[in-house]
Amino acid sequence: MPKTPQKTINRRFTCAPMMDWSDRHCRYFWRLLSQDAVLYTEMVTTGALIYGDRERFLRFNAEESPVALQLGGSDPQALAQCADYAQQWGYDEVNLNCGCPSDRVQSGRIGACLMAEPELVRDCMSAMIERVDIPVTIKHRIGIDDMEDYEGLLQFVNTVADSGCKTFIVHARKAWLQGLSPKENRDVPPLDYALVARLKAERPDLEIIVNGGINTLAQCKELLHDLDGVMLGREIYSNPYLMAEVDQTIYGRSRPILSRLDVMRQFVNYCEQELSKGVKLSSMTRHTLGLYQGLPGARRFRRVISENAHKAGAGTDVIWAALQEVEPELSAVSGALPR
């Protein structure tokens, strides 16, 4: 039976999968800032999906779409099964993690260590692509350890592309699997955007997206001259309002840019819905702490949330109290907190 044509996803701006950060509450918050950015889940291992609480790991809000599920694993059939779960649950894409350098995932034959086994990665991608109709993509480094720089990267990409994979998200740093911690691997190895651009020039048939060290939309636009897309992670987590102009600056949309207060008003409504389901306020508000970064009152905004959102019975009045520290129109209001 012929496959269903894949949905077109515009990956010019994507939000990185980040363990312990890019959960469904974070992604909902990001979606309020940008309607066009493509969102990625935290990495979920195949074992967690096959043997664990599938509902917990796969549940997401329909408003998050386009959203991709990132998988960690190295068994082709297990990955194919989990890709099928992703499709059944309504994800727009499934992505294989070949970039995480931590010892824990290495011991499970997951992440960046797989760059040493391109044929296995090709087989994993083939198994997923054959199983599902949604796009199957890969995220990886420019290399690991003593792998020859460009030649090693090109060999890896060429081998994996034989599976039919068309989208490669490339973290423009090597991963040193011995001698550096995961945190150091995000900062110490030098960035090499030129290497990623060279890959795109030699494989123009592939969609090449660059990740690593990108901090501004001006930098995004510059990189987009040579590459198909950019992926940001830590910067948009610590400074999420950067995303407020993504639709206009990166995608050319004419829709108005939302103010921080408008974003938080919508997020309050979301929090009230989730609180009614038993979700803790702190699980949601922790993702908003950087929204007012660099503005007067930002520290007080963070402090009010940090000191109160985790308390038993905490509700959205905590958010309104925090907003009064940074929003003049609210701080000027006395008495009842504005709704």
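As shown above, the structure is provided for reference.
No experiment lies behind these values; they were computed from the predicted model shown.

A. Focus on the sheet that holds strand β2 (residues 38-45). With respect to topology, eight strands assemble into a closed barrel ordered β1-β2-β3-β4-β5-β6-β7-β8, the strand pairing being parallel. Taking each pair of neighbouring strands and ignoring which way they run, the sheet shows an average axis angle of 30°. Looking at chain direction, β2 and strand β3 (residues 67-72) are connected through five bridges and run parallel. Paired with L39 across the bridge in β3 is V67.

B. Structural detail: the packing of helix α1 (residues 24-33) against helix α13 (residues 260-275). One way to put it is that α1 packs onto α13 with a least axis distance of 10 Å and a crossing angle of 150°. Classified by the angle their axes make, α1 and α13 are roughly antiparallel. The element α1 and its partner α13 pack so that their crossing is right-handed. Seen from α1, the contacting residues are R24, H25, Y28, F29, L32 and L33; seen from α13, they are V263, M264, Q266, F267, Y270 and E274.

C. Structural context of the packing of aromatic side chains. Within the structure shown, the criterion is met by six aromatic pairs. Relative to Y270, the ring of Y28 has its centre 4.0 Å away and its plane inclined at 15°; by these criteria the two rings are stacked. With a gap of 242 residues between them, Y28 in helix α1 and Y270 in helix α13 connect regions that are remote in the sequence. Here F60 and Y91 contribute two aromatic rings whose centre-to-centre distance is 4.3 Å and whose plane-to-plane angle is 40°, an arrangement assigned as tilted. Here Y91 lies in the loop between α4 (76-89) and β4 (93-98) and F60 lies in the loop between α3 (54-58) and β3, a separation of 31 residues in the sequence. Note on accessibility: F60 and Y91 belong to one class, buried. Joined through ring pairs, the aromatic side chains of Y28, F29, F267 and Y270 make up one cluster. In this structure, R54 packs its charged tip against the face of Y85, placed 4.1 Å from the ring centre.

Conventions adopted
Per chain, the residues get numbers from 1 upward, laid out in the order the sequence is written. Where local features are concerned, this predicted model is filtered to residues with pLDDT of at least 70; where side-chain atom pairs are given and counted, the filter is 80 or more; whole-chain, interface and lining totals use all residues. Each side-chain value is worked out from all heavy atoms of the structure, with water and hydrogens disregarded. Strands were regarded as paired on the criterion that DSSP finds at least two bridges between them. The numbering of helices and of strands both runs from the N terminus, where a helix is a DSSP run of H or I of at least 4 residues and a strand a run of E of at least 2. Each axis is a line fitted through C-alpha atoms, and for a helix only the stretch in contact is used; angles between axes span 0 to 180 degrees, taken between their N-to-C directions. Each angle receives one of four descriptions, namely roughly parallel if under 35 degrees, roughly antiparallel if over 145, roughly perpendicular if within 65 to 115, and oblique otherwise. A crossing counts as left-handed when the near helix is turned anticlockwise from the far one by less than a right angle, and as right-handed when that turn is clockwise. Any pair of residues with heavy atoms lying within 4.5 Å of one another is described as a contacting pair. Pairing of aromatic rings covers Phe, Tyr and the six-membered ring of Trp, with a centre-to-centre limit of 6.5 Å; geometry is then stacked below 30 degrees between planes, edge-to-face above 60, and tilted otherwise. Residue exposure (1.4 Å probe, protein chains only): buried if accessible area is under 20% of the type maximum, exposed if over 50%, otherwise partly exposed. Two conditions define a charge located above a ring, namely a distance within 6 Å from the ring centre to NZ of Lys or CZ of Arg, and an angle within 35 degrees of the ring normal.

Everything listed is a geometric property; what it means functionally is a separate question.
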